Amino acid sequence: MSALNEITILELSERVSGEYCGKLLAEFGATVIKVEKTGIGSPTRRMGPFGKDTSGPESSGLFTYLNAGKQSVELDLDSASDHATLIELLKTVDVLIDDHGAKWLHQYDLAPDSIAERFPGLVFCAITAYGLDADDDRQHAEDLNVFHSSGLGYHTPSGAADDLPPLKGAGRFLPSYEAGLDAALCISATLYERRCSGLGQLIEISAQEVLASRVDYVLGQMIAGDMDVSPSRHAFDLGGPAGIFPCADGFAYLWMSAPPHWEALRQLLDNPAWMNSFPERWMELDCTVERVAECRKHITQWLSTKQKHQVAEQAQQLGLTLVAVNNAGDLLASPQYQFRGYFSEIEHPVLGKFHIPTSPYRLSATPIKTNVAPLLGQHQYSMPNAAHAGEPQ
């Protein structure tokens, strides 16, 4: 049996954060009922990458990934009858997930205080950029705003030119995915506690706070006074030769910061003469702009003829941090991912057969479930009855 087999969730989310949270819980057996706008569905249905039919609501690869294993019902919350249906649905579920924000919740009579009074056994998870009590000008923040206001901007774009646009960091929706993960963990913990107390709780997830918790030692250095607190893009530029370099079949990332790395590079490059002019501890004690430029020039020349995966394997055997920059095809062909069964083949009624990533973790006693995403309104006439009215399992 899956871990959350007896749990029913109502998902009002229309962003990546809430939909990813629901996806994670669905994979562990929860019944997730996704409420979508009548006729048009969730906004993520109109976000790429797209499959065969780019004009329909079933063609989005993003929606298909985020909503695997869920049920879809269409409701127009501006309609009195559909709003009444939503309230009836709340009597049948254990968890409510929303990522709209305080004003939207008040507009549809779903404010947390009101929900807690009417449904005391319900676990209510609200995922927003800066919290439910954020100022008006932050209510509609996007992931780019959250990323750079969290502290992670000190990692990326460390050292980028000031006249370039701000980078989004790793991944397309990093703040949303991280917030959705934390939300799923908090919901699971709260459901466990509810078995003892019988009461639900309000879980308030701020994506900015989530990302700030991921910033590791950078914020610690700032608090300790070892790093200047500055809006400069160079605040976290270590000034060394590390970077992404072109290879014959793509790109590789190289990191060097200490003498052992320098010696490993010397072995990898077969002791080239140009390295002899560099002091042994130049990266630590005498890292000049000229030396960094010369080092990168020679590394670029050498790597340009190499296969990224082969050279990464050679470097790592020598203790040098050099890794291939993988594209989607590399990930699908990865021996490690194939061994773990990370990608599963599913068949979608519109998109056909394709591979989809599964969860990054496996539990032996409560395995995950990998299912196809629902068609818009597919479960309109099979909504559950009021089986447990928000009571704890």
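Structure shown above.
Residues numbered from 1 in each chain as written. Predicted model: local features only at pLDDT ≥ 70, side-chain atom pairs only at ≥ 80, totals over all residues. Heavy atoms only, no water.

The geometry of an aromatic ring pair is captured by two quantities: the separation of the ring centres and the angle between the planes. Per the stated rule, a full pass over the model turns up 12 aromatic pairs. With 4.9 Å between their ring centres and 85° between their planes, Tyr20 and Tyr177 make a pair best called edge-to-face. Taken together, the residues Tyr20 in helix 1 (residues 16-27) and Tyr177 in helix 7 (residues 174-197) connect sequence positions 157 residues apart. Residue classification places Tyr20 among the buried residues on the basis of a relative accessible area of 10%. Aromatic pair Trp274 and Phe278: ring centres 5.7 Å apart, planes at 80°, arrangement edge-to-face. Of the two residues, Trp274 and Phe278, both sit in the buried class. Taken together, the aromatic side chains of Tyr20, Tyr65, Phe173 and Tyr177 make up a single cluster linked through ring pairs. The ring of Tyr130 has Arg138 sitting right over it, with the charged end atom 4.3 Å from the ring centre. (Phe/Tyr/Trp six-rings, centres within 6.5 Å; stacked < 30°, edge-to-face > 60°. Helix = DSSP H or I, 4+ residues; strand = E, 2+ residues; numbered from the N terminus. Buried < 20%, exposed > 50% of the residue type's maximum accessible area, 1.4 Å probe, protein only. Lys NZ or Arg CZ within 6 Å of the ring centre and 35° of its normal.)

Okay, the nonpolar core next. Membership of the largest hydrophobic core comes to 43 residues, with the highest contact counts inside it found for Leu25 and Ile187. When contributions to this core are tallied by element, the ones reaching two or more residues are helix 1, helix 2 (61-66), strand 4 (95-98), strand 5 (123-128), helix 6 (143-150), helix 7, strand 6 (202-206) and helix 8 (207-212). In terms of residues, this core owes the most to one element, helix 1, which gives 6 residues. Contacts of Leu25, omitting those with residues within four sequence positions, involve Leu4, Ile9, Ala30, Ile97, Ala184, Ile187 and Ser188. (Core = buried A, V, L, I, M, F, W, Y, C linked by side-chain atoms within 4.5 Å. Contact = heavy atoms within 4.5 Å.)

Locating Gly220 in the fold gives a position in helix 9 (residues 217-224). Looking at Gly220, the relative accessible area reads 37%, which means it is partly exposed. For Gly220 and Gly319, which are 99 residues apart along the polypeptide, the C-alpha to C-alpha distance reads 28 Å.

The next point concerns a nonpolar patch on the surface. Together, Ile244, Phe251, Tyr253, Val323 and Val325 give the surface a local cluster of nonpolar side chains, amounting to about 420 Å² of exposed area. With respect to the secondary-structure elements, Val325 resides in strand 9 (residues 321-325). A residue is classified by how much of its surface remains accessible, and Val325, at 33% relative accessible area, is partly exposed. (Patch = residues over 30% accessible without salt bridge, like charges linked within 9 Å, V, L, I, M, F, W, Y side chains within 5 Å. Areas by Shrake-Rupley, 256 points an atom, 1.4 Å probe, with all protein chains shown as cover. Salt bridge = Lys/Arg side-chain N within 4 Å of Asp/Glu carboxyl O.)

Moving on: the sheet that holds strand 4. A sheet is described by the order of its strands in space; here 6 strands give the open sequence 3-2-1-4-5-6, paired in parallel fashion. A strand with exactly one partner marks an edge of an open sheet, and here the two such strands are strand 3 (71-74) and strand 6. With strand direction ignored, the average angle separating the axes of adjacent strands in the sheet is 20°. Here 4 bridges tie strand 4 to strand 5, and the two strands are oriented parallel to one another. Across the sheet, the residue bridging to Ile97 is Cys125, located in strand 5. Strand contacts of helix 3 (residues 80-90): strand 1 (8-11), strand 2 (31-36), strand 3 and strand 4, with the helix running at about 150° to strand 1, the strand carrying the most contacts. (Pairing = 2+ DSSP bridges. Axes fitted to C-alpha atoms, helices over the stretch in contact; angles between N-to-C directions.)

The subject of this paragraph is helix 3. Three or four residues apart is the spacing at which side chains of an α-helix point the same way, because the helix has 3.6 residues per turn. Taken together, the buried positions of helix 3 are Asp82, His83, Leu86, Ile87, Leu89 and Leu90. Each buried residue of helix 3 lies within a common arc of 155° when the element is viewed along its axis, so the set occupies one face. Where helix 3 is buried, its residues meet strand 1, strand 2, strand 3, strand 4 and helix 5 (112-118). (Arc of directions from axis to C-beta.)

Time to look at the pattern of salt bridges. Counting across every chain of the model gives 17 salt bridges. Where Asp109 meets Arg118, a salt bridge forms, and the shortest distance between an N and an O atom there is 3.5 Å. For Asp109, a relative accessible area of 40% gives the class partly exposed. Salt-bridge contacts for Asp330 lead to Lys308; the nearest nitrogen and oxygen are separated by 2.6 Å. In this pair, Asp330 is assigned in helix 14 (residues 328-333) and Lys308 in helix 13 (residues 308-317), connecting sequence segments 22 residues apart. The class of Lys308 is buried, set by a relative accessible area of 3%. A cluster of three or more residues bridged by salt bridges with shared partners is formed by Glu11, Glu19, Lys34 and Lys70.

Per the stated rule, a full pass over the model turns up 0 disulfides. The thiol of Cys125 is not disulfide-bonded; the next cysteine sulfur, from Cys21, is found 5.1 Å away. Unpaired in terms of disulfides, Cys186 finds its nearest cysteine sulfur in Cys125, a separation of 7.0 Å. Exposure remark for Cys186: the relative accessible area of 30% places this residue in the partly exposed category. (Disulfide = S-S within 2.5 Å.)

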